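# Coordinate analysis (summary)
For reference, the chains in residue letters:
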Amino acid sequence: MEDVLFQSNDVGIILKALHFASVKHKDQRRKDIQATPYINHPIEVAEILWNLGEIYDPVVIISALLHDTIEDTETTSEEIRNLFGIQICSIVEEVTDDKGLAKAERKQRQIEKASKISREAQFVKLADKISNVRGLASNCPKGWNKERCSQYVQWAEQVVQGMKGINTRLEKEFSLSCEKARKHIQETSFGE
Ligand code: ZN
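The rules behind each value
- The written sequence of each chain sets the order in which its residues are numbered from 1.
- Side-chain atom pairs in this predicted model are given and counted only at pLDDT of 80 or more, local residue features only at pLDDT of at least 70, and totals for whole chains, interfaces and linings cover all residues.
- Hydrogen atoms and water are omitted, and side-chain values are computed over all heavy atoms in the structure.
- Buriedness of a pocket was judged along seven lines, with at least five required to meet protein on both sides within 12 Å; pockets are open sets of points on a 1 Å grid over the protein atoms alone, cavities are sets where a 1.4 Å probe fits but cannot get out, and lining residues have an atom within 4 Å of a point.
- Grid points are joined across faces, edges and corners, and a volume is the space filled by probe spheres set on the points.
- Each helix is a run of H or I in the DSSP string that is no shorter than four residues. Each strand is a run of E no shorter than two, and both are numbered from the N terminus.
- Asp, Glu, Lys and Arg are counted as charged, while Ala, Val, Leu, Ile, Met, Phe, Trp, Tyr, Cys and Pro are counted as nonpolar; the rest, among them Gly, fall into the polar class.

Quick look at the layout of surface pockets now. Unoccupied space between atoms shows up once a probe the size of one water molecule is rolled over them. Quantified by volume, the largest pocket comes out at close to 1,100 Å³. For the largest pocket, the lining is made up of 39 residues, of which Arg 30, Lys 31, Asn 132, Trp 144 and Tyr 152 are closest to its centre. Of all the secondary structure elements, the ones that give two or more residues to the lining of the largest pocket are helix 2 (40-52), helix 4 (69-72), helix 7 (103-113), helix 8 (119-138) and helix 9 (146-161). Looking at the lining of the largest pocket, the element that brings in the most residues is helix 8, giving 10 residues. Residue composition of the lining of the largest pocket, by class: 8 nonpolar, 13 polar and 18 charged. Taken as a whole, the second largest pocket holds about 200 Å³ of empty space. Around the second largest pocket, the lining comprises 11 residues; the ones closest to its centre are Ile 14, Ala 46, Glu 47, Ile 61 and Leu 65. Elements supplying a minimum of two residues to the lining of the second largest pocket: helix 1 (8-24), helix 2 and helix 3 (58-66).

Read these as layout, nothing more, since geometry by itself doesn't imply function.
Written out as structure tokens, the structure reads:
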């Protein structure tokens, strides 16, 4: 196995992105029952890409850390562009939903767009879906019923379908996570 070459310059900018994202998401929590700090999610997405996907491109890792900042915080494209450059900004924009659209429309757009976005954005999107589906395999978001959880898994599968062949290891992990999530949803009593 070839060893990973670690450039200290990359560490600096990766930490800058991590710090930036942690400040932007500082008051947010995930939707799970334990209300996990939001930043755990982008960290997990980046970690999945590096350790599971074996994707060592700092551009992808940084985009993963920043992927929800425009969509879920007050962050603007200009901020990302000024601090992290044009390419990272464009990847983050590619994985950002248009909040001006209704939720159903946004979900449909993700399915349609998945095959058309850049390879780097596809990596981030796939790891994002792995992280979200993994969440459903351990505990479902507060207020979600069985149907909503199942529908999420099904929708995520449709999005990932559009990126088929991009990374075998990540796709395998995604399928496995969907399987686990379905099992968990099946076994969970939602008090209905
Ligand atoms: Zn995300």
